[in-house]
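# Commentary on secondary and tertiary structure
Residue-level listing of the chains:
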Amino acid sequence: MYTQGLDQKGQTANNRGTTESQEQLAAFQRRIDAEEKIEAKDWMPEGYRRTLVRQISQHAHSEIIGMQPEGNWLTRAPTLKRKAILLAKVQDEAGHGLYLYSAGETLGTSRDQMVGDLLSGKAKYSSIFNYPTLTWADIGAIGWLVDGAAIMNQIPLCRCSYGPYARAMVRVCKEESFHQRQGFDIMLALSRGTAAQQAMAQDALNRWWWPSIMMFGPNDSNSRHSAQSMAWKIKRFSNDELRQKFIDVTVPQAEFLGLKVPDDDLEFDKLTGHYRFGEIDWQELSDVIAGNGPCNRQRMARRRQAHDDGAWVRKAAQAYADKQAAKKAA
Ligand code: BYC
């Protein structure tokens, strides 16, 4: 899919101008099929490297931008305990971003390049973080639904064929499980609360449900990367398979909370053992991905501002590194 045309000798020219022989590609695929982990210094097709840099960097950007909607509520959490928990969660997301940038760097792309691509608008981040957090219940809904969706997507990534990404995901998933539990706990407290609190929880579910199920990406027939990513065992399940698994586990949780999932077509199919659900608004997803969601501009402006504000830290770190290097050389 990523490779260019074959030349006369059965070699394939990649974007870096080097060639990849059919033998190399077949040997690589045999390693993947044998469930071997690919490590940073191993030979890999350029398309594999490019796919990983794209996915890992976009994943990292999502973690970093994902701090904004929740960070918005750090100063307004209802109790000291809730505030401390949320603070820890938001800090975890920063940590995830950093592991992921490090995993991306093992593929030969610097963190500066990855961040530059985010700031220039070339690289994407998850659509979900372009929605506003209007009430405290939104913090519950993010933990429950957004982290719940993230876990569903990321547990299989612990078995991704690329070792550094797979290993980073193990810790990320453990922390995401705590995040999901804290979100559910907020929703539980609200749904056992006053009528106004129950209404706030329902309103949050109404606004976050569809964006959460869109997080899994376009449906399989429109997912341009899935087939190749699955053949390379970067992805273990398709977007639709993961979306279905998420819906199947989350609907009973909503019922437990006494909340109604905002989908009139939602129905349990006894024959398949899965929930059937209504049509996703794909136009909304593509608008948000294209930069026209409710908060895209605000999120990017905030990120650019934070990057600019951090310039002095990068400068100081560089000066220190240069000083250490000069000392070592002397
Ligand atoms: N939003 O061929 P497809 C978190 C893009 S953060 C935006 O299916 P692929 C958390 C896709 O990139 C968790 N763009 O792609 C943090 C591609 O465009 P490009 C974030 C999307 O890669 C803080 C195009 O659409 N998780 O948990 O095979 C607080 C075609 O799609 C989206 C990850 O990043 C989207 N929703 O599959 C709380 C997980 N969906 O790149 C929580 C790692 C699709 O060609 N990533 N696109 O320009 C993945 O698993 C995969 O990249 C995806 C997409 C399933 C997201």
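Everything below is about the structure printed above this text.
Here's a quick rundown of the structure. (Residues numbered from 1 in each chain as written. Predicted model: local features only at pLDDT ≥ 70, side-chain atom pairs only at ≥ 80, totals over all residues. Heavy atoms only, no water.)

Turning next to the packing of helix 7 (residues 163–191) against helix 8 (residues 195–214). Interhelical geometry of helix 7 versus helix 8 gives an angle of 140° and a closest axis separation of 7 Å. On the basis of the axis angle, helix 7 is oblique to helix 8. Residues M187, L190 and S191 of helix 7 form the contact with helix 8, whose participating residues are Q197, Q198, M200 and A201. Per-class residue counts for the contact of helix 7 with helix 8 are four nonpolar, three polar and no charged. (Axes fitted to C-alpha atoms, helices over the stretch in contact; angles between N-to-C directions. Helix = DSSP H or I, 4+ residues; strand = E, 2+ residues; numbered from the N terminus. Parallel < 35°, antiparallel > 145°, perpendicular 65-115°, else oblique. Contact = heavy atoms within 4.5 Å. Nonpolar A, V, L, I, M, F, W, Y, C, P; charged D, E, K, R; others polar.)

Going through the model one piece at a time under the given rule, you end up with 10 aromatic pairs. Above the ring of W73, the side-chain terminus of R76 is found at 4.1 Å from the ring centroid. Lying across the ring of F237, K245 places its NZ or CZ 4.4 Å from the centre. (Phe/Tyr/Trp six-rings, centres within 6.5 Å; stacked < 30°, edge-to-face > 60°. Lys NZ or Arg CZ within 6 Å of the ring centre and 35° of its normal.)

This next bit is on the nonpolar core. With 74 residues, the main nonpolar core has Y48, Y162 and W209 as its most contacted residues. With 10 residues, helix 6 (residues 136–154) is the largest single contributor of residues to this core. Not counting the four nearest positions on each side in its chain, Y48 is found in contact with F28, I32, I38, S161, Y162, W232 and I234. (Core = buried A, V, L, I, M, F, W, Y, C linked by side-chain atoms within 4.5 Å. Buried < 20%, exposed > 50% of the residue type's maximum accessible area, 1.4 Å probe, protein only.)

Attention now goes to the pattern of salt bridges. Counted under the stated rule, the structure contains 18 salt bridges. R207 serves as the salt-bridge partner of D203, at 3.0 Å between the closest nitrogen and oxygen. On the criterion of helical spacing, the pair formed by D203 and R207 is a turn pair, its members being four residues apart in helix 8. Owing to a relative accessible area of 24%, R207 belongs among the partly exposed residues under this scheme. E267 serves as the salt-bridge partner of R276, at 3.4 Å between the closest nitrogen and oxygen. On the basis of relative accessibility, which here comes to 42%, the residue R276 falls in the partly exposed class. (Salt bridge = Lys/Arg side-chain N within 4 Å of Asp/Glu carboxyl O.)

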